[in-house]
Structure formats: structure tokens, C-alpha cells
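Chain by chain, the residues run as shown.
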Amino acid sequence: MTLPDFLTYAIALAIAAAIPGPGVIAIVARALGAGLRPTLPMLFGLVLGDVVYLAAAILGLAYVASTFGTLFVVIKYAGAAYLVWMAIGFWRAGVTAETIDAKADGGGAVAGFVAGLLVTLGNPKTMVFYLALLPTLIDMTAVTMADFTILIAVTFLVLLAVMVPYAGLAGRARIFLRTPRALKALNRFAATCLGGAAVAIAARAG
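Residues numbered from 1 in each chain as written. Predicted model: local features only at pLDDT ≥ 70, side-chain atom pairs only at ≥ 80, totals over all residues. Heavy atoms only, no water.

Q: Would you explain the packing of helix α3 (residues 40-59) against helix α6 (residues 108-121) in this entry?
A: Helix packing for two helices is described by the angle between their axes and how far apart those axes are. Two elements in contact, α3 and α6, have axes whose closest approach is 6 Å; the angle formed by their N-to-C orientations is 35 degrees. You can see that α3 and α6 cross each other, and the crossing is right-handed. Every residue of α6 that contacts α3 at Pro41, Met42, Phe44, Gly45, Leu46, Leu48, Gly49, Asp50, Val52 and Tyr53 is listed here: Ala109, Gly112, Phe113, Ala115, Gly116, Leu117, Val119, Thr120 and Leu121. Across the contact of α3 with α6, the residue classes break down as 13 nonpolar, 5 polar and 1 charged. (Axes fitted to C-alpha atoms, helices over the stretch in contact; angles between N-to-C directions. Helix = DSSP H or I, 4+ residues; strand = E, 2+ residues; numbered from the N terminus. Left-handed = near helix turned anticlockwise from the far one by under 90°. Contact = heavy atoms within 4.5 Å. Nonpolar A, V, L, I, M, F, W, Y, C, P; charged D, E, K, R; others polar.)

Q: Just to check I follow, could you spell out the packing of aromatic side chains for this structure?
A: The description of an aromatic ring pair uses the distance of the two centres, along with the angle that the planes make with each other. Considering all chains together, one arrives at 3 aromatic pairs under this definition. Note on tyrosine 9 and phenylalanine 129: the rings are 6.4 Å apart at their centroids and 45 degrees apart in plane angle, and the pair reads as tilted. In this pair, tyrosine 9 sits in helix α1 (residues 3-18) while phenylalanine 129 sits in helix α7 (residues 124-137), placing the two residues 120 residues apart along the sequence. Just as tyrosine 9 is buried, phenylalanine 129 falls in that class too. (Phe/Tyr/Trp six-rings, centres within 6.5 Å; stacked < 30°, edge-to-face > 60°. Buried < 20%, exposed > 50% of the residue type's maximum accessible area, 1.4 Å probe, protein only.)

Q: Please explain α3 as it appears in this structure.
A: Given 3.6 residues to a turn, an α-helix orients residues that are three or four positions apart in the same direction. Between its first and last C-alpha, α3 extends 29 Å over 20 residues, near the 28 Å set by a 1.5 Å rise per residue. Downstream of α3 by one or two residues, glycine 60 has phi in the positive range, about 140 degrees. (Expected span 1.5 Å × (residues − 1).)

Q: I'm lost on the environment of threonine 126 in this one. Help?
A: Note on placement: threonine 126 falls in helix α7. What makes threonine 126 buried here is its relative accessible area of 10%. For the pair formed by threonine 126 and alanine 17, sequence separation is 109 residues and the distance between their alpha carbons is 8.7 Å. When residues no more than four places from it in sequence are discounted, the contact partners of threonine 126 are Asp50, Tyr53 and Thr120.

Q: In this structure, what is going on with the environment of isoleucine 19? I would like to understand it.
A: Its location among the elements puts isoleucine 19 in the loop between α1 and α2 (22-34). It is 9.8 Å that separates the C-alpha atoms of isoleucine 19 and valine 162, two residues lying 143 residues apart in sequence. Not counting the four nearest positions on each side in its chain, isoleucine 19 is found in contact with Val24 and Lys125.

Here you go:
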């Protein structure tokens, strides 16, 4: 692969990632309800999900589609169910700043990471990008192991550059809303966003 190939991939990925979808909604909702720092494991889970699809696209579309199609459907609904569980947790959270802070870890880093991974693996938008659009952007047959390593690094950097500002702004908004009434409303707004992301994942085809 050449430098223009990597740049084309980076630009296309950045555009696709910046378009609000279940992943962005989940990140924003998590940051609103828990702050930026507890959101990072979920962000890394989202990135890993993209890397999984990147690897699947390079290894062979037909094989992946025929062998793991049912598994991806199961993962999609598992991710939606987990977002619903998180939404219920935020909706029922206490109304004081201390209680919300105690909820910040909401299942821990591992749970957040798994949630992010499931959201990406069950997101039809991600599937379409890697399994349909990507082959039109780069020559999949020309990708070497070195190219694949660079693509992983590019994926990681691009997604962080796009997602961290979303999470950072949401986390900052949470800091400014410290009254019990505002925190209660914020938690319920975050819960609604998470529920919406779950519905978006479950309702889309793919």
C-alpha cells in the first residue's frame, strides 16, 4: 500500500466515525453519566471492534459472511441488551453528586470495554464500512502484514481523534451540572441516549 492509500482510508474512516451512530451515542451517554475517564475503556472496546472488522475484511469477505453471519447477529442483540442494562442503571441512579460519582465506574473498566466491543460488532454501519466500502477504497489483495499493522495503528489514532472530543465535551458538560436536580435530569438523558442506541442497533438490518 502507498501513502495515498493510507490517507484515503484515514479520511474515509474519520468521516464514517464522525457521523453520529450507536457508537457515538453510547460514548456520549456514558460520558454524560459517568465522566470522561470511566468512558475510556468503552472507547477502547469500540476501537477493537473496528480492528476485528478490518481483519475480517482483509482475511476474506465471503468466508466471514458465511461462517460468522449468525454470530454477528447474536453479538448485535447482546450489545443492544447491554446498552439497555446500562440505560436502566443510569435512569435509576441517585440524585446527589456523591451517588453519581459512586456510579461512575458502572460495572467497571472490563464491563465498559466489553460494552464498547459489542456495540461496534453489532453496529451495521461499521459492518457496511469495512465489509462493503473498504474494498472500494483500497486493494485488499495487496495488503501485506506490514500494511495491516499500519492500518491498525491508523484505525486506533483516527477513532481516538474523532471519539475523544465527543466524550470530552460530554464529560465537561456533566461537570457543570452538579446540582441534584440537574444530575438526575442528566442521568435520565444519558439513559435515553443509551436506550436509543440499543434500539438503533437492534432495529437495523445486517
